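Survey of secondary and tertiary structure
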Amino acid sequence: MATIDVPHQVSFLDDAEALRKACQGWGTDEKAIISVLGHRNAAQRKQIRLAYEQLYQEDLIKRLESELTGDFERAAYRWILDPADRDAVLANVAIRKSSPDHHVIIEISCTRSPEELLAARRAYQARYRHSLEEDVAAHTKGDIRKLLVALVSAFRYDGEEINTRLAHSEAKILHDAIKDKAFNHEEVIRILSTRNKMQIMATFNRYRDDQGTPISKNLLGDSGDEFLVALRTAIRCFNDPKKYFEKVLRNSIKKMGTDEDALTRVIVTRAEKDLKDIKDAYHKRNSVPLDQAVAKEASGDYKDFLLALLGKA
Amino acid sequence: MALSNDLQALDRAFSGIGVDEKSLISIVANSDDEHKQFLRKGCSKLFTEDEYGFERLNQSNMKDLKLEFNRFRDAVMFSLSHPWERDARWIAKAIKKGPKHYNIIVEIACTRSSDELLGARKAYHSLFDHSIEEDLAAYVRGSERKLLVALVSAYRYDNEKQKVNEDVAKSEAEILSNAIKNADKRRPIEDEDTIMILATRSKPHLKEVYKHYNKICDKSLTKDLEAEGILKDTVECLCTPETYFTRVLDAALSVNADEESKRALTRVIVTQKEALVKQNNYVATKIQGIVRGLCEDFILGSLAGGETNNALK
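Everything in this summary refers to the structure shown in the same document.

The rules behind these values
Residues numbered from 1 in each chain as written. Chains lettered and ligands numbered in written order. Predicted model: local features only at pLDDT ≥ 70, side-chain atom pairs only at ≥ 80, totals over all residues. Heavy atoms only, no water. Helix = DSSP H or I, 4+ residues; strand = E, 2+ residues; numbered from the N terminus. Rg over C-alpha atoms; globule rule 2.2 N^0.38 Å. Contact = heavy atoms within 4.5 Å. Areas by Shrake-Rupley, 256 points an atom, 1.4 Å probe, with all protein chains shown as cover. Lys, Arg positive; Asp, Glu negative; His and termini not counted. Charge placed at Lys NZ, Arg CZ, Asp CG, Glu CD. Patch = residues over 30% accessible without salt bridge, like charges linked within 9 Å, V, L, I, M, F, W, Y side chains within 5 Å. Salt bridge = Lys/Arg side-chain N within 4 Å of Asp/Glu carboxyl O. Buried < 20%, exposed > 50% of the residue type's maximum accessible area, 1.4 Å probe, protein only. Phe/Tyr/Trp six-rings, centres within 6.5 Å; stacked < 30°, edge-to-face > 60°. Lys NZ or Arg CZ within 6 Å of the ring centre and 35° of its normal. 1 Å grid on protein atoms, 1.4 Å probe; cavity = no way out; pocket = protein on both sides within 12 Å on 5 of 7 lines; lining within 4 Å. Points joined across faces, edges and corners; volume = space filled by probe spheres on them. Nonpolar A, V, L, I, M, F, W, Y, C, P; charged D, E, K, R; others polar. Buried area = accessible area lost by both parts, 1.4 Å probe. Polar contact = N/O pair within 3.5 Å; in protein donor to acceptor, adjacent residues only side chain to side chain. Pairing = 2+ DSSP bridges.

So, the overall build of chain A
A tally of helices and strands in chain A yields 19 helices and 0 strands. Taken over C-alpha atoms, the radius of gyration comes to 21 Å for chain A, in line with the 20 Å a tight globule of 313 residues would show. Here the analysis covers contacts within chain A between residues at least 6 apart in sequence; of these, 69% occur between residues at least 24 apart. About 14300 Å² of surface is accessible on chain A, with carbon and sulfur atoms providing 48% of the total. Averaged over its 51 positive side-chain charges, chain A has a centre that lies 4 Å from the centre of its 50 negative ones.

Okay, here's the thing in C-alpha cells:
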C-alpha cells in the first residue's frame, strides 16, 4: 500500500502558484514545497508541472534544481519525475559510477512490472540517446554483464499460470548449477532473465521443497564474488520485494552515516506502491518504526520530505 | 495436337512459384474424362502407372503443388494481418522448425524498428503465453541461442539523427575484427563482446562500425562472416538490409529454390513493400516467367500499391 497522504481536492494552478511563491525572493520556502509536492501522486505532479510551465514559461524541475540543494534536492528531483523517467535516471546514475551499482540495475529490472521496465527503457532512450542495455553493456564486463544485460532486456510474459513440470525441471537445473558451483552457468541466467515471475517463484518454491533450504541460502558465500551477490539480489527481488526493500533500508540506516542514496531511492520509488508494507516489515524486524529511524538519522528539509512521503507530516 | 499443347500448358502452369490458375481452368475444367486420362498418362511429374490399372497421383509432388496453390492464400493472410501478429507467428514457427529457419528470427529482430519488434513481442505474449526470449532460450540448443535471445530482446535507440561516437565505433570494429581473426580458437558467434555489440548498439552506430571495419580490414564485415551462418545474416540485416533482402529475393527466384527460400518471397513482398516500391521495376522484371497466376498478380499489385487506397479516402 502507498504511504503518501493526498488531499481530496487538488488545484494544480493553486499548487503551481504556491510553488512559485516558495521559490521567489530571498531563499526558498522548503516547507511549502514539501507540503505541496510531498502530498501529490504521480499523475498530479505531472499536472502541476504542466500548469507551472503554462503559467510561468519555465520547467518546474529546472527551477527546483536551482533553488534546492543537497540531499533534499536529489530526493525532490527524483520524486517529481515520472516513475519511468525516474527509473531511467536512477539506472543511469548507477551505471555511471566508477564502480557501477549493480544492485540498483537489478532492483529496477526485477521489481518493476514488464510494462514498467519497458517504460523505463523508453524513457532512458529519450533522455540519454542510448539504449539502457547498450550502456549497461558498455560499463560492465564478464559474467555480471551477461546477467545485467539479460535482466534489463527482458520483456516477461505477465501471466499467472504456472507449469509445475517446468518448475520441477528448472529447479533441478538450478540445483545442479549450484552444486557444481557453476553459478554463472548459462542456464541460471536464462531462467532468471526469461521466465515470467510467477514461474520463477514456482521454481524457487520447488527448489526449497526439494532441497530443504531456500535457494538464496545456498548462494551465500564469498561476498567478494560480485556475480554471486548479484544473483542473490535478483533472487531476493523476485522472491519477496518488500523484504528486499526493508533490508536495503535497514542497511542504509545502519551504516556509519546514512546511505542517503539508498534511503531516498527506496522511499521515493515505493511511496506510491508498497511502502506501507515495507514500513511494517521494518518495524517488525527492527523494533523501531521506520519514521522514527529516519527522523533520527536524517536532518533538515531532507528529513521533513522523507517523513512527508512516509505519510508522517 | 491439342493434347500435347495441353500437356505443355499443364506443365507450365505447375512450374515456378504459384500456379497459373487461369490456364488450369481452361485446361482442366474444360476436359472430359477421356481427355483427363490422356493428361494423366502424359504427365509423369504428377502421375505414375499403378499396377492395378490406373494412373496414381504422385503424393510427394502433390504436396509440393499444394504449397504452390497455398502461396496466394498465405500472401493475402500475411498481408492482411497485423504486423505484430505475423512477425510473432513467423518467429514461433521458426523456433519450432529449427536451426535452418533461425535466419527468419534474425531477419525480424534486426530489420524491424524497435517499436515494431516490441509489438511482435507483445503479440507473442498474447498468442503463446510465453515471451519470445523464454521460448528461444528453452528450445534453441546450440551456439545460436545467446545471439538470438539477445537480438530479440533489444530495444535499440532508433533515431537516425543520432550522433555516433566515432571512437567507440572504431574500437568496436577492432573488437569484431579480433573476434573474427580468432575464429579458429572460438567461433565469433560465441564471443560475448561480439554479441553485445551487435545486440545492444543502435543501427546508425553499427553502420559506422561496419564502415570502420571496412577501413581497418580492407574487406567488408559481411564478407568476413561468410562462414558464420546467422551471424552474417545479423550483420547484413542490421547494416545493409537492402543487400540481405536482395539476396533473399534472388534465392527465392532461383531455379533450385527450396520451399523455405520460396516462403521468403512472400515474407519480403509483404513486409518490405516500401523499400521494394522504391526499386521501381526491379522486382517486376525479376519475377517474370517465374512467378505465376494470382501470386504474380498479388506481387505486381502490391508494388503498384497505395494509389487506389488513397483514392477512396
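We are not done yet, so read on.
Describing a negative patch on the surface
Negative charge collects at one region of the surface, where Glu 115, Asp 158, Glu 160 and Glu 161 of chain A together with Asp 129 of chain B lie side by side. Mapped onto the fold, Glu 161 of chain A is located in the loop between α10 (142–153) and α11 (164–179). The class for Glu 161 of chain A is exposed, based on a relative accessible area of 53%.

Remarks on unusual backbone geometry
Note: most residues except glycine have negative phi, and most peptide bonds are trans. A positive phi angle, close to 50 degrees, is found at Gln 57 of chain A, a residue other than glycine. With respect to the helices and strands, Gln 57 of chain A occurs in the loop between α3 (42–56) and α4 (60–67). Of note, the phi angle at Asp 218 of chain B is positive, near 60 degrees, even though the residue is not glycine.

Here's the deal with the packing of aromatic side chains
All names here are of chain A. The tally for this structure, following the rule as stated, stands at 9 aromatic pairs over all chains. Taking the centre distance of 5.2 Å and the plane angle of 70 degrees together, the rings of Tyr 244 and Phe 245 count as edge-to-face. Phe 245 shares its class with Tyr 244; the two are buried. Here the guanidinium or amino end of Arg 45 rests over the ring plane of Trp 79, the centre of that ring lying 3.8 Å away.

Considering the layout of surface pockets
Residues and elements named next belong to chain B. Space inside the largest pocket adds up to approximately 760 Å³. For the largest pocket, the lining is made up of 29 residues, of which Thr 111, Phe 245, Thr 271, Gln 272 and Ala 275 are closest to its centre. Looking at the lining of the largest pocket, the elements with two or more residues in it are α5 (83–97), α6 (102–111), α12 (203–217), α14 (230–239), α15 (241–253) and α17 (273–278). Here the lining of the largest pocket is built from residues that sort into 11 nonpolar, 6 polar and 12 charged.

Focus: the interface of chain B and chain A
At the interface, 27 residues of chain B touch 28 residues of chain A. Surface buried jointly by chain B and chain A totals about 2500 Å² across both partners, of which 52% is contributed by carbon and sulfur atoms. For the interface between chain B and chain A, the tally reads 6 salt bridges. In this structure, Arg 195 of chain A engages Glu 134 of chain B in a salt bridge whose closest nitrogen and oxygen atoms are separated by 2.9 Å. Seen at the junction of chain B and chain A, the total is 15 residue pairs in polar contact (both at pLDDT 80 or more). For the side of chain B that touches chain A, the elements supplying multiple residues, two or more each, are α7 (114–128), α8 (132–139), α9 (144–153) and α11 (192–200) of chain B. Sort the elements by how many residues they give to the side of chain B that touches chain A and α7 of chain B lands first, with 5 residues.

Overview of the pattern of salt bridges
When the charged atoms of two side chains lie near each other, side chains of opposite charge can form a pair. Across all of its chains, the model carries 57 salt bridges over all chains by this definition. Between Lys 146 of chain A and Asp 143 of chain A there is a salt bridge; the shortest N-O distance is 3.5 Å. Placement of the pair is Lys 146 of chain A and Asp 143 of chain A together in helix α10, with a separation of 3 residues, close to one helical turn. A relative accessible area of 15% means that Lys 146 of chain A is categorised as buried. Salt-bridge contacts for Glu 192 of chain B lead to Lys 146 of chain B; the nearest nitrogen and oxygen are separated by 3.0 Å. Linking Glu 192 of chain B in helix α11 with Lys 146 of chain B in helix α9, this pair joins segments that are 46 residues apart in sequence. Of the residues examined, Lys 146 of chain B reaches a relative accessible area of 26% and is grouped as partly exposed. By sharing partners, the salt bridges in this structure join Glu 68, Arg 71, Lys 97, Glu 259, Glu 260, Lys 262 and Arg 263 of chain B into a single network.

Some details on the pairing of strand β1 (residues 47–50) of chain B
Relative to strand β2 (residues 54–57) of chain B, β1 of chain B runs antiparallel, the two sharing 4 bridges. Paired with Phe 47 of chain B across the bridge in β2 of chain B is Leu 57 of chain B.

Details of a positive patch on the surface
All names here are of chain A. A cluster of basic residues, Lys 217, Lys 243, Lys 247, Lys 254 and Arg 285, forms a positive patch on the protein surface. By residue number, the principal contributor to the positive patch is helix α15 (residues 241–254), which donates 3 residues. Structurally, Lys 243 can be placed in helix α15.

So, the side chain of Glu 236 of chain B
For Glu 236 of chain B, the position within the fold is in helix α14. Among all residues touching Glu 236 of chain B, those that are not within four sequence positions of it are Thr 222, Pro 241, Thr 243, Tyr 244 and Arg 247 of chain B.

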